[in-house]
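Architecture at a glance
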Amino acid sequence: MNDLAGKHIVLGLTGGIACYKAAELCRALIKEGATVQVVMTEAATQFITPVTMQALSNRPVYGSQWDAREPNNMAQINLSREADAILVAPCSADFMSKLLHGGADELLSLMCLARPIDKVPLLLAPAMNREMWAHPATQRNLVQLAADGATILGVGSGFQACGETGDGRMLEPEELLADVITFFHPKVLAGRRMLVTAGPTFEAIDPVRGITNRSSGKMGFAVARAAHEAGAQVTLVAGPVALATPRGVQRIDVQSATDMLQACVEHAPAANIFVATAAVADWRPAQASDQKIKKDGSGQTPTLAFVENPDILATLARSAQALSGDLFCVGFAAESHDLLAHATAKRVRKGVPLLVGNIGPATFGKDDNALLLVDANGTKELPHASKLHLARQLVAEIARRLPTALKK
Ligand code: C5P
């Protein structure tokens, strides 16, 4: 997917060792379809060469406000007027302080000051030593820069080039890429809070064995990511899956259906949308053994008795919160055949306003899917596409159906 197709980004580099990550970031932006114009301060050229950045961006790098290549000799005007956003990564402490004061003694700061502030957003990816980051001057500058309209993308934490460990590292290129993509998404769920379940559950038989299923969690993780991109605050309750947490999403890991229900009941009061994508096990062993069940050589097999798991979706859909219209519940149905009939029946049985059907065996573990949306007014097909693409469409469909009078 080319999430940044048609976007033109001015990528500003200032002096800091994190410049080495800017090379990868430039490639990542271009891979997503953006065109990238690199502008470097003189300090940045001490860390990475303009040759590297030119080769990666396929455009000559700008570094001087006296660049005679521009017929009007006003690179700061020409470059900023073309941009859909200016992203300064890395943004040094010194550059932040310069921006704050409206400094303009070299091309990059001059361009930031000269940009049409309502049309060309400024995104900053700070990078510095942990003491510099924690310094009151830096923290003060961050607050004021945000008040002046800049978007601060935050910092990472961990081992720093100086040998110290703490906050202040520049975010990784893939994190910055996700943030830039999110930045451009329409905020159709701004101010909303979404709770999502994803993945399988694991029902223990004994300390080393259990029953689970082949749900990959990919659809639920895609829904969580898409909701975050749309401006929602997202809590993702995930069964055992090996997937990276989408950026900006709060994740709660659980094992069993009972754990998942508990986490959902705890977090639902703060939510106004609940999307149940998890493939919750229908049954669990009636009694999980404390100790590993041993084979004793007699050839006898253990007998397992099962009890039914709670239905998390139906429980939340019947809560006072949902019944009063304060929690919009969305269910999924993974079927093998007769999708429309089963999904329609399941919507009524679960008591949810929107049910999303898909063909289970065709989608489990895959990166793509096709969805059938069923609500009280009828059906809508979302044709075959990547799970992320479908999740974005689903989020838009949910936003359209939300009662405007949700209290929270
Ligand atoms: O009944 P069935 O498992 O087909 O229903 C699927 C929908 O119900 C999904 O949205 C799933 O996440 C949810 N579900 C649940 N708790 C269960 C079983 C299913 O939340 N115990």
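Residues numbered from 1 in each chain as written. Predicted model: local features only at pLDDT ≥ 70, side-chain atom pairs only at ≥ 80, totals over all residues. Heavy atoms only, no water.

To continue, consider the overall build of the protein chain. Within the protein chain, the secondary structure is distributed over 15 helices and 19 strands. For the protein chain, the C-alpha atoms occupy an extent of roughly 85 × 55 × 40 Å along the three principal directions. Per-residue burial for the protein chain yields a buried fraction of 49% across its 408 residues. Taking the intrachain contacts of the protein chain between residues at least 6 apart in sequence as the baseline, contacts between residues at least 24 apart amount to 68%. Working note: accessible area of the protein chain is about 19400 Å², and carbon and sulfur atoms make up 54% of it. Within the protein chain, one finds 39 positive and 39 negative side-chain charges whose respective centroids are separated by 4 Å. (Helix = DSSP H or I, 4+ residues; strand = E, 2+ residues; numbered from the N terminus. Buried < 20%, exposed > 50% of the residue type's maximum accessible area, 1.4 Å probe, protein only. Contact = heavy atoms within 4.5 Å. Areas by Shrake-Rupley, 256 points an atom, 1.4 Å probe, with all protein chains shown as cover. Lys, Arg positive; Asp, Glu negative; His and termini not counted. Charge placed at Lys NZ, Arg CZ, Asp CG, Glu CD.)

Attention now moves to the domain arrangement of the protein chain. In terms of domain boundaries, the protein chain breaks down into domain 1 (8-184) and domain 2 (193-407). The distance between the C-alpha centroids of domain 1 and domain 2 comes to 40 Å. Contact residues are listed per partner, giving seven residues for domain 1 and five residues for domain 2. Buried area between domain 1 and domain 2, summed over both chains or domains, comes out near 470 Å², and the portion from carbon and sulfur atoms is 48%. The interface formed by domain 1 and domain 2 contains two salt bridges. Where R247 meets E175, a salt bridge forms, and the shortest distance between an N and an O atom there is 3.8 Å. (Domains from an automatic or database assignment. Buried area = accessible area lost by both parts, 1.4 Å probe. Salt bridge = Lys/Arg side-chain N within 4 Å of Asp/Glu carboxyl O.)

For the coordinates displayed, the defined rule picks out zero disulfides. The structure places no disulfide on C26, whose sulfur is separated from the nearest cysteine sulfur, that of C19, by 12 Å. Between C112, a cysteine without a disulfide, and C91, which holds the nearest cysteine sulfur, the sulfur-to-sulfur distance is 8.1 Å. (Disulfide = S-S within 2.5 Å.)

Another point: helix α7 (residues 136-147). Look at α7: 17 Å from first C-alpha to last across 12 residues, which is about the 16 Å you get at 1.5 Å a residue. Packing partners of the buried residues in α7 comprise α4 (93-100), β4 (122-126), α6 (130-134) and β5 (151-152). With its phi angle positive at about 105°, G149 sits one or two positions after the end of α7. (Expected span 1.5 Å × (residues − 1).)

Cis geometry is adopted by the peptide bond preceding P90, which originates at A89 and carries an omega value of 5°. Its identity is not glycine, yet N73 carries a phi of approximately 55°, on the positive side. With respect to the helices and strands, N73 occurs in the loop between α2 (50-57) and α3 (75-82).

We now examine the packing of aromatic side chains. For the structure shown, the criterion picks out one aromatic pair. A cation over a ring is seen here: K7 above F184, with NZ or CZ 4.8 Å from the ring centre. Across the ring face of Y62, the terminal group of R69 is positioned such that the distance to the ring centre comes to 4.4 Å. (Phe/Tyr/Trp six-rings, centres within 6.5 Å; stacked < 30°, edge-to-face > 60°. Lys NZ or Arg CZ within 6 Å of the ring centre and 35° of its normal.)

This next bit is on the site of the ligand. Around the ligand, the structure places A276, T277, A278, V280, P310, D311, I312, L313, G331, F332, K346 and K350. Here an oxygen atom of the ligand sits 2.6 Å away from a polar atom, N or O, in the main chain of A278. Here a nitrogen atom of the ligand sits 2.8 Å away from a polar atom, N or O, in the main chain of P310. Taking 440 Å² as the accessible area of the ligand by itself, protein coverage stands at 85%. Elements supplying a minimum of two residues to the shell around the ligand: α11 (312-317), β16 (328-335) and α13 (339-350). A class-by-class count of the residues in the shell around the ligand yields seven nonpolar, two polar and three charged. (Near = heavy atom within 4 Å. Polar contact = N/O pair within 3.5 Å; in protein donor to acceptor, adjacent residues only side chain to side chain. Nonpolar A, V, L, I, M, F, W, Y, C, P; charged D, E, K, R; others polar.)

Our next topic: the sheet that holds strand β12 (residues 250-253). Read from one edge to the other, the open sheet built from eight strands follows the order β12-β11-β8-β13-β16-β17-β18-β19, with strand pairing classed as mixed. Each of the sheet's edge strands pairs with one partner strand only, and the pair in question is β12 and β19 (378-386). Looking at each pair of strands side by side, their axes are set apart by 20° on average, direction ignored. One ladder, built from six bridges, connects β16 with strand β17 (residues 354-359); its direction is parallel. Paired with G331 across the strands is L355, a residue of β17. Where helix α9 (residues 218-229) meets the sheet, it contacts β8 (193-198), β11 (233-238), β12, β13 (273-276), β16 and β18 (368-375), and its direction lies at approximately 165° from that of β8. Against the sheet, helix α15 (residues 387-401) makes contact with β8, β13, β16, β17, β18 and β19, and its axis sits at roughly 155° relative to β19, the strand it touches most. (Pairing = 2+ DSSP bridges. Axes fitted to C-alpha atoms, helices over the stretch in contact; angles between N-to-C directions.)

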